[in-house]
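# Chains, contacts and geometry: an overview
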Amino acid sequence: MSSADVTREILGNVPGWLVPWFYGVIFAAYASSAVIFVQRFRERRGATTAPSDRARVLDVIKYLTFHQKLLEDRFAGIAHLCTFYGFVALFMGTSIVFLEHSTPLHFFYGAFYLWASLFVDLGGLVFIVGLLMFLWQRYVSKRDRLLSRWWVATLTWLLLAIAISGFLLEGSRIAVDMPAFESFSVVGYAIAGALRFSGVENETALLWHRALWVGHAVVSSLFFALLPWPLFSHMVYSGASWGRRRTRPLAELRTSAPVLTWIDLMQTDACTTCGRCNEVCPAQAVGQPLAPRDIVLGIRQAVTEAGPSVSYADQVGRFSHDVIWSCTTCGACNQTCPVGIDVYDEIIDLRRGLVEQGTVPEAAEELFEGTAAEFNPFHRDNDERMDWAQGLGLPVARDGEAIELLYWVGCAGSFDPDGQSVSRAMVTILDHLDIPYRILGCRERCTGDPARRMGEEGLFQERARENIDLLASHSVRKVLTHCPHCYNTFKNEYPELGGAFEVEHHSQFLDRLIASGKLPVTEGGSQPLTFHDPCYLGRGNGETEAPRRVIDAVAGGERREMARHGRESFCCGAGGGAMWLDVQGKDRVENLRVKEAAETGARTLVTGCPFCKVMLESGQQSLEDDQRMQVKDLAELVAERLTPR
Ligand code: SF4
Ligand code: SF4
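A word on the sheet that holds strand β6 (residues 604–607). If you walk across this open sheet you meet the four strands as β5-β4-β6-β7, and the pairing is parallel. Both edges of this open sheet fall to β5 (559–560) and β7 (630–633), since each of them pairs with a single strand only. Summarising the sheet, strand β4 (residues 529–532) and β6 pair through four bridges and their orientation is parallel. Its bridge partner lying in β6, leucine 529 is registered against threonine 604. Strands β4, β6 and β7 of the sheet are contacted by helix α27 (residues 610–619), whose axis makes an angle of about 180° with β7.

Moving on to the site of ligand 2. Residues in contact with ligand 2 amount to 13 residues; listed here are only the nearest, Cys271, Cys274, Gly275, Cys277 and Cys337. Within the residue set of the shell around ligand 2, elements represented by two or more residues are α10 (276–280) and α12 (292–306). When grouped by side-chain class, the residues that make up the shell around ligand 2 number eight nonpolar, three polar and two charged.

For the rest of this paragraph, the subject is the packing of aromatic side chains. Throughout the structure, instances matching the rule amount to 22 aromatic pairs. Seen in terms of ring centroids, phenylalanine 87 and phenylalanine 127 are 6.2 Å apart; in terms of plane orientation they differ by 50°. Their pairing is tilted. Here phenylalanine 87, found in helix α3 (residues 74–102), pairs with phenylalanine 127, found in helix α4 (residues 110–140); they are 40 residues apart in sequence, far enough to count as distant. Taking the relative accessible area as the measure of exposure, phenylalanine 127 reaches 1% and is therefore buried. Aromatic pair tyrosine 139 and tryptophan 157: ring centres 6.1 Å apart, planes at 40°, arrangement tilted. With tyrosine 139 in helix α4 and tryptophan 157 in helix α5 (residues 154–175), the pair connects residues that are 18 residues apart, well separated along the chain. Tyrosine 139 sits in the partly exposed class, given a relative accessible area of 42%. A residue is classified by how much of its surface remains accessible, and tryptophan 157, at 44% relative accessible area, is partly exposed. Through a chain of ring-to-ring contacts, three or more aromatic side chains come together here, namely Tyr30, Phe87, Phe91, Phe127, Phe223 and Phe224. The residue whose ring lies beneath arginine 445 is phenylalanine 375, and the NZ or CZ to ring-centre distance is 3.5 Å.

On to the side chain of glutamate 170. As for its position among the elements, glutamate 170 is in helix α5. Buried charged residue glutamate 170 carries no salt bridge. Nearest counter-charge: arginine 173, at 4.1 Å. In this structure the side chain of glutamate 170 is engaged in a polar contact, spanning 3.5 Å, whose partner is the side chain of serine 185. Here glutamate 170 is in contact with Asp121, Ser185, Val187 and Gly188, once residues within four sequence places are set aside.

Right, let's talk about the site of ligand 1 for a bit. The local shell around ligand 1 consists of Cys281, Pro282, Leu290, Pro292, Cys327, Thr328, Thr329, Cys330, Gly331, Cys333, Tyr344 and Ile347. Taken together, the residues that form the shell around ligand 1 break down as nine nonpolar, three polar and no charged.

In this section: the environment of lysine 586. Relative to the helices and strands, lysine 586 is located in the loop between α25 (578–581) and α26 (589–598). Looking at lysine 586, the relative accessible area reads 76%, which means it is exposed. Residues in contact with lysine 586, not counting those within four places in the same chain, are Val286 and Gly287.

On the surface, Glu362, Glu365, Glu366 and Glu369 cluster together into a patch of negative charge. With respect to the element layout, glutamate 365 can be found in helix α17 (residues 362–374). What makes glutamate 365 partly exposed here is its relative accessible area of 39%.

This part is about the domain arrangement of the protein chain. The extent of an interface is frequently quoted as the accessible surface area lost upon association of the parts. Per the domain assignment, the segments of the protein chain are domain 1 (56–226), domain 2 (257–357), domain 3 (366–512) and domain 4 (522–639). For domain 2 and domain 4, the distance between their C-alpha centres works out to 28 Å. At the interface, 19 residues of domain 2 touch 20 residues of domain 4. Together, the buried faces of domain 2 and domain 4 total about 1400 Å²; carbon and sulfur atoms form 60% of this surface. Three residues stand out in domain 2 for area buried against domain 4, namely Val286, Thr328 and Gln335, and they jointly supply 37% of the buried area on that side. Where domain 2 packs against domain 4, one counts zero salt bridges. On the surface where domain 2 and domain 4 come into contact, there are ten residue pairs in polar contact (both at pLDDT 80 or more). Classifying every residue of the side of domain 2 that touches domain 4 by side-chain character gives ten nonpolar, seven polar and two charged.

What counts and what doesn't
Residues numbered from 1 in each chain as written. Chains lettered and ligands numbered in written order. Predicted model: local features only at pLDDT ≥ 70, side-chain atom pairs only at ≥ 80, totals over all residues. Heavy atoms only, no water. Pairing = 2+ DSSP bridges. Helix = DSSP H or I, 4+ residues; strand = E, 2+ residues; numbered from the N terminus. Contact = heavy atoms within 4.5 Å. Axes fitted to C-alpha atoms, helices over the stretch in contact; angles between N-to-C directions. Near = heavy atom within 4 Å. Nonpolar A, V, L, I, M, F, W, Y, C, P; charged D, E, K, R; others polar. Phe/Tyr/Trp six-rings, centres within 6.5 Å; stacked < 30°, edge-to-face > 60°. Buried < 20%, exposed > 50% of the residue type's maximum accessible area, 1.4 Å probe, protein only. Lys NZ or Arg CZ within 6 Å of the ring centre and 35° of its normal. Lys, Arg positive; Asp, Glu negative; His and termini not counted. Salt bridge = Lys/Arg side-chain N within 4 Å of Asp/Glu carboxyl O. Polar contact = N/O pair within 3.5 Å; in protein donor to acceptor, adjacent residues only side chain to side chain. Patch = residues over 30% accessible without salt bridge, like charges linked within 9 Å, V, L, I, M, F, W, Y side chains within 5 Å. Areas by Shrake-Rupley, 256 points an atom, 1.4 Å probe, with all protein chains shown as cover. Charge placed at Lys NZ, Arg CZ, Asp CG, Glu CD. Domains from an automatic or database assignment. Buried area = accessible area lost by both parts, 1.4 Å probe.

Written out as structure tokens, the structure reads:
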């Protein structure tokens, strides 16, 4: 047998009259999808806010090639990896057949034919394994996070139908004359052997081949026609969505957009409905009504019905208000989303829609009033801001005095008893260091963080500009704060408004000074400790190591990690105004968190945020007496261990 004979007749056994129909249907399926995609793209151009960026292309290639993000969930990641590469192999096989049949090129014979057949069959097998894994997690292991609407599994079933009909088609073709070289088509050859073994004659095999060819063509066309559908469309958009994911720190909010940007629109189409966001959401964990996936799917539906210019105020009508107010802005959904969707920014934009409508909960209204009239969210007279420091003789800056190091106390550090003890510990440390620093006293005002995260962008900008002007009038060189929310606002959000100040969180400040020997500390205590990463410090701004180094420098007891820590930490329940809004669920976020801390056997629960401290203290009530821990801020821990000079 010559090499030229090692091949097969393409579209053999298919009646000639059927071929134009076949091409017509495939073309129509492709064309209808293409028209919808082009239409969506054209509609979206009006909402474009971001320029194209070629630098992200490599990142997308890496993302698709290695699946590193998807593999964070090992089982689902492997299932997707198999499906993706299996699909690529099958698509390459179909393209080879198309080129051989419909162009003057002639290469599908001999050794190439054999190895291509083997490659495509193995690819098809891997493809089926991936699809079966997806079906397993849906129907056998029944993972909670999977969406249970009827249409969600259609993609998997349809792809499985394409793969199985393709193999049966191949098997029935080979079964007619069983050429030995077709053994390279390992799966098709095995099916052919089984058909022959079970007594299938040539005529029957030819008949089956023709019927299977029609079936395979129908399911394949259906697949292409359904590509613009929800979930199917992730196959087109997920790479692009990942490429356009936020590069800003997770805790940084975008300024409000009057309409959805084209990135928002593309990202709602990219949602795979996987539910990873729901799985990590603290609001979901305690039975509050928010499910981040529903936010994305709801916005997609709003866009489908009202067009891409649908306003935020129009979108909010799709959700109950408690859904929108349950978010703690912890950023876990954004971090875990395998296609890089910015769920948390969308939720804040929905809140902005509610503020625009004037329909906000009483707690939000009170917070806005307090922040506007009294310059703090605690609704306290701002002249009481220094009450915590009575008798300490703190160095309050004079008007216009240049400040080298500004200790920014923050509202929780000024008004909340748990926060005030952190401020006092900070003062002890600063005095011990004997370095020149200043505070602003009663001229300090809320950074605007809670108001911004509750949707009051105008109020945030008002407070922000006043603070920026005040700091500029003192030529502040560096800001030191023990509050991760203030830290985030100074570091990430004020620069956009013209306030670029160097800022350090106290964990970084303490770490730096301890490491350099400028802040001598003595290790002490023998009880185990654990550290709760504040969302706005760890996940939000990537600082997870400095606090741990500080603990290790001063604590004699073992430092133990909770199951979720570092960037994967679980929220305390305070952020995004949740401490004031207090949406009811079946449990409380802080209770779940302290339970996790208690499971480590730690006797001290350390954190680096005054809001976290309040919540973790409150959560202690949910523990058994013998599980309760001392809750301390890093500053309190260090202040107890200063080496006398
Ligand atoms: S930011 Fe946190 S609380 Fe808000 S939806 Fe995402 S995971 Fe849930
Ligand atoms: S938003 Fe992201 S994590 Fe959530 S369901 Fe969609 S793809 Fe999955």
